[in-house]
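Letter by letter, the chains look like this.
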2 protein chains.
Amino acid sequence: MTAHRIAVSLPESPAGGYEILVGGGLFSALPSILSRFCPAPRYAVITDDRVAELYALKLSRNLHAAGHRTDVFAFSSGEANKTRDTWAVVTDAMLEAGLGRDCAVIGFGGGVPGDLGGFVAATYMRGLPLVQVPTSLLAMIDASVGGKTGVDTPMGKNLVGAFHQPRTVVVDPDLLQTLPDAHLRAGLAEAVKHGAIADAEYLDWIEQSAPALLAGDAEALCRLIVRSVEIKAEIVSGDEFEAGRRKLLNFGHTVGHAVEAISDFALLHGEAVAIGMVEEARVGERLGITAAGTSARLRRVLTRLGLPTSIPLEFDAAGVIERTRTDKKARDGRVEYALVESVGTGSAGPHGRWGHPIADETVAEVLSGVGSRV
Amino acid sequence: MTAHRIAVSLPESPAGGYEILVGGGLFSALPSILSRFCPAPRYAVITDDRVAELYALKLSRNLHAAGHRTDVFAFSSGEANKTRDTWAVVTDAMLEAGLGRDCAVIGFGGGVPGDLGGFVAATYMRGLPLVQVPTSLLAMIDASVGGKTGVDTPMGKNLVGAFHQPRTVVVDPDLLQTLPDAHLRAGLAEAVKHGAIADAEYLDWIEQSAPALLAGDAEALCRLIVRSVEIKAEIVSGDEFEAGRRKLLNFGHTVGHAVEAISDFALLHGEAVAIGMVEEARVGERLGITAAGTSARLRRVLTRLGLPTSIPLEFDAAGVIERTRTDKKARDGRVEYALVESVGTGSAGPHGRWGHPIADETVAEVLSGVGSRV
């Protein structure tokens with residue numbers, strides 16, 4: 001078994017950074033990886049009931065067999081449960097179980113257990129060491145890398161949280177075999193984003209490889225994971241707290257988060273981001289920031305991957321815009337957008353802030369064209 | 001006006017550290033201090049209703065007059081409200097008010113608004129800049145320095161929280177004029193702790209100055225604040241995340257937290273710590289770690305300051321010990337105590353871990369003597 005090792009360099013962090021390990025079969029090697037990267041007398045595995053049903057027994061057995069004391073804390077799956085209430089319930093269960101400040105947390109599952117487990121780790125007794133073991137494509141290439149943790153509030157996604165870097169991230173593409181097709185597609189949206197903001201050739205490759213990726217071809221998926229993690233790791237390195245270029249990773253996410261919330265999470269995160277990227281590219285094109293044709297190109301790739309590319313007709317454009325205003329990227333009352341100059345090149349924006357403050361009216365002009373586009 | 005400036009050096013932190021400003025009249029200078037140390041388009045002042053009643057109007061007027069946009073978020077005073085629920089309510093109110101990621105938080109009040117406001121700052125949109133403006137003696141010399149933030153859970157104090165360092169701490173001893181006597185005394189307990197763990201001469205001075213301190217003498221209080229903050233800043237510097245010597249600051253707090261919780265917060269934190277220091281010194285004496293006579297010396301000083309020095313008779317020793325087991329300092333099932341070798345000298349403990357794992361039975365032998373001591 002040869003694992004890829006991708007470094008995240010964090011000069012401002014005490015440990016200096018960490019490595020993301022990618023390779024088929026790594027899940028079985030987790031006990032020795034924990035001993036090496038995150039030794040602890042006791043581990044809290046935080047996951048959801050769907051992942052627990054598939055993998056928790058195997059995980060517990062492996063860890064117990066290696067002498068690792070392990071407790072599994074599973075909550076009901078779904079973005080609707082990524083809340084402060086679930087965080088409090090998991091925290092209290094860990095306190096009841098007597099886990100102390102010397103324990104470690106394993107965030108095990110898709111983006112929801114990863115974000116919520118990470119936030120528990122960030123706040124339990126003022127912080128426990130964390131290892132991320134993602135099981136969805138989205139979590140493998142995006143959510144588990146970079147140290148963002150948090151939960152949603154009624155006002156919007158990820159509005160409460162913390163930066164809390166993992167000791168390591170263990171990515172085993174074999175776990176994708178149990179991932180539902182819709183979730184595989186949704187994960188591919190974030191890979192498209194990585195191509196769109198940083199690597200045009202990678203986007204070409206994704207487009208060409210769409211059939212293999214959608215069929216779950218192990219080699220294609222592993223290659224995609226490695227390249228996406230490389231891009232994300234490179235962007236996160238040197239901008240741990242998202243003061244600059246890291247903001248590019250929010251491309252598609254301002255409109256995306258709004259649409260996702262309005263759908264009441266009927267749209268998967270990746271589906272909403274797919275829509276968001278096309279809409280935000282159109283906004284950029286209208287302002288002359290994004291090269292003409294960029295939104296059309298993104299729409300073509302996303303369509304090949306079976307992803308939606310426009311806001312559902314029943315959504316109200318004004319409602320979407322209203323929702324963007326509670327986005328974390330809003331500053332001093334103006335919403336900031338991460339935009340691209342062209343496919344493969346992010347826009348540094350005015351004053352190199354990597355964010356474009358854009359008036360609601362401009363976004364409204366683009367979004368209100370939604371209906372006529374059908 | 002001459003302000004004392006005391007540096008907290010944090011080599012592992014991006015900013016490298018911060019300064020604590022101590023001086024009479026600094027409260028009025030807050031607008032310019034904010035402009036210099038924590039510029040932001042908008043400030044969220046987090047406080048409790050008692051502090052708000054006394055000072056919020058003055059604070060808002062000062063900040064508004066200087067052109068700082070300010071919103072005040074006040075919750076009901078008291079340790080019983082330092083909860084996840086209050087944290088969520090304050091967070092939601094800030095979201096409703098439209099505060100974005102570029103805003104800053106001012107933790108304004110005693111230890112409770114400081115800890116809770118700090119935890120809001122640590123977690124609101126993954127972290128806002130924070131300035132602490134303590135109004136109680138305990139917050140001035142202890143809680144506001146060092147970056148510990150958090151809230152209580154039904155299982156114990158500060159079990160959920162984060163390390164989140166302030167940009168600066170602004171200490172104006174004039175604000176103590178409105179502090180109730182019992183809270184002044186409770187704050188002095190933490191000063192005794194600073195003497196006990198690090199500076200025997202300081203403890204002598206506190207004992208001699210007891211009448212002046214209890215009478216609210218401005219010069220004596222200012223001198224006490226400066227020396228206590230110096231000691232705390234020196235200990236926190238170089239041990240931001242409490243991996244080593246910083247644990248000494250927990251002297252008196254293992255038994256203290258347990259007693260405080262069992263009293264249902266009828267005992268003030270400082271009163272509980274006073275009791276805890278005497279009991280933990282007795283535990284140390286019994287184990288031969290702490291020099292004979294230390295507990296008697298501490299009891300004498302604390303008594304002069306009008307503080308309690310033994311566990312209330314109606315408390316059950318077994319209940320206190322049970323409660324220590326949910327303390328954050330419990331590791332792998334054993335409770336760790338910070339102890340002193342003698343007055344003015346903390347104990348490095350086995351393997352230089354600055355913590356002594358002590359069996360419940362040993363603590364029980366000391367505590368069960370409580371009744372017979374009367």
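The rules behind these values
Residues numbered from 1 in each chain as written. Chains lettered and ligands numbered in written order. Predicted model: local features only at pLDDT ≥ 70, side-chain atom pairs only at ≥ 80, totals over all residues. Heavy atoms only, no water. Contact = heavy atoms within 4.5 Å. Buried area = accessible area lost by both parts, 1.4 Å probe. Salt bridge = Lys/Arg side-chain N within 4 Å of Asp/Glu carboxyl O. Helix = DSSP H or I, 4+ residues; strand = E, 2+ residues; numbered from the N terminus. Nonpolar A, V, L, I, M, F, W, Y, C, P; charged D, E, K, R; others polar. Axes fitted to C-alpha atoms, helices over the stretch in contact; angles between N-to-C directions. Parallel < 35°, antiparallel > 145°, perpendicular 65-115°, else oblique. Left-handed = near helix turned anticlockwise from the far one by under 90°. Polar contact = N/O pair within 3.5 Å; in protein donor to acceptor, adjacent residues only side chain to side chain. Buried < 20%, exposed > 50% of the residue type's maximum accessible area, 1.4 Å probe, protein only. Expected span 1.5 Å × (residues − 1).

Some words on the interface of chain B and chain A
Thinking step 1. Taken together, the contact between chain B and chain A spans 40 residues of the former and 40 residues of the latter.
Thinking step 2. For the pairing of chain B and chain A, the buried interface totals around 3,500 Å² over both sides, and the portion due to carbon and sulfur atoms is 55%.
Thinking step 3. Between the two partners, chain B and chain A, sit 4 salt bridges.
Thinking step 4. The partner of Glu242 of chain A in a salt bridge is Arg101 of chain B, and the shortest N-O contact between them spans 3.1 Å.
Thinking step 5. Among the elements of the structure, helix 3 (84-96), helix 4 (111-123), strand 7 (148-153), strand 8 (156-163) and strand 10 (330-331) of chain B are those that each provide at least two residues to the side of chain B that touches chain A.
Thinking step 6. Here the side of chain B that touches chain A takes 7 residues from helix 3 of chain B, the largest share from any one element.
Thinking step 7. For the side of chain B that touches chain A, the class distribution of residues is 16 nonpolar, 9 polar and 15 charged.

Brief notes about the packing of helix 7 (residues 200-208) of chain A against helix 9 (residues 218-236) of chain A
Residues and elements named next belong to chain A.
Thinking step 1. Packing of helix 7 against helix 9 leaves a shortest axis separation of 12 Å and a crossing angle of 160°. Our classification of the angle between helix 7 and helix 9 gives roughly antiparallel. Crossing geometry of helix 7 relative to helix 9 is assigned as left-handed. Across the interface between the two elements, Tyr202, Trp205 and Ile206 of helix 7 pack against Ala220, Arg223, Leu224, Arg227, Ser228 and Ile231 of helix 9.
Thinking step 2. Partitioned by chemical class, the residues of the contact of helix 7 with helix 9 number 6 nonpolar, 1 polar and 2 charged.

Points about the side chain of Ser144 of chain A
Residues and elements named next belong to chain A.
Thinking step 1. With respect to the helices, strands and loops of the structure, Ser144 is situated in the loop between helix 5 (137-143) and strand 7 (148-153).
Thinking step 2. Within the structure, the side chain of Ser144 is placed 2.7 Å from the backbone oxygen of Ala139, a separation counted as a polar contact.
Thinking step 3. Among residues more than four places away in sequence, those in contact with Ser144 are Gln132, Pro134, Ala139, Pro166 and Val169.

Re the pattern of salt bridges
Residues and elements named next belong to chain A.
Thinking step 1. Summed over all chains, the structure comprises 46 salt bridges over all chains.
Thinking step 2. Here Asp152 ties to Lys82 by a salt bridge, and the two come within 3.7 Å at their closest N and O atoms. Taken together, the residues span a long stretch of sequence, with Asp152 in strand 7 and Lys82 in the loop between strand 4 (70-75) and helix 3 (84-96) at a distance of 70 residues.
Thinking step 3. Under the relative-accessibility criterion, Asp152 is labelled buried at 7%.
Thinking step 4. Of the residues examined, Lys82 reaches a relative accessible area of 2% and is grouped as buried.
Thinking step 5. One salt bridge connects Arg227 with Asp199, and the closest N-O pair in it is separated by 2.9 Å. Of this pair, Arg227 sits in helix 9 while Asp199 is found in the loop between helix 6 (181-198) and helix 7, placing the two residues 28 residues apart along the sequence.
Thinking step 6. Here Arg227 falls in the partly exposed class, since its relative accessible area comes to 29%.
Thinking step 7. For Asp199, a relative accessible area of 15% corresponds to the buried category.
Thinking step 8. Because the salt bridges share partners, they merge into one network encompassing Glu79, Lys82, Asp115, Asp152, Lys157 and Glu260.

Examining helix 4 (residues 111-123) of chain A
Residues and elements named next belong to chain A.
Thinking step 1. Its 13 residues give helix 4 an end-to-end C-alpha distance of 18 Å, which sits within 8% of 18 Å, the value for a rise of 1.5 Å per residue.
Thinking step 2. Counting buried positions along helix 4 yields 13 of 13 residues, so the element is predominantly enclosed.
Thinking step 3. The first or second residue beyond helix 4 is Met125, which carries a positive phi of 50°.

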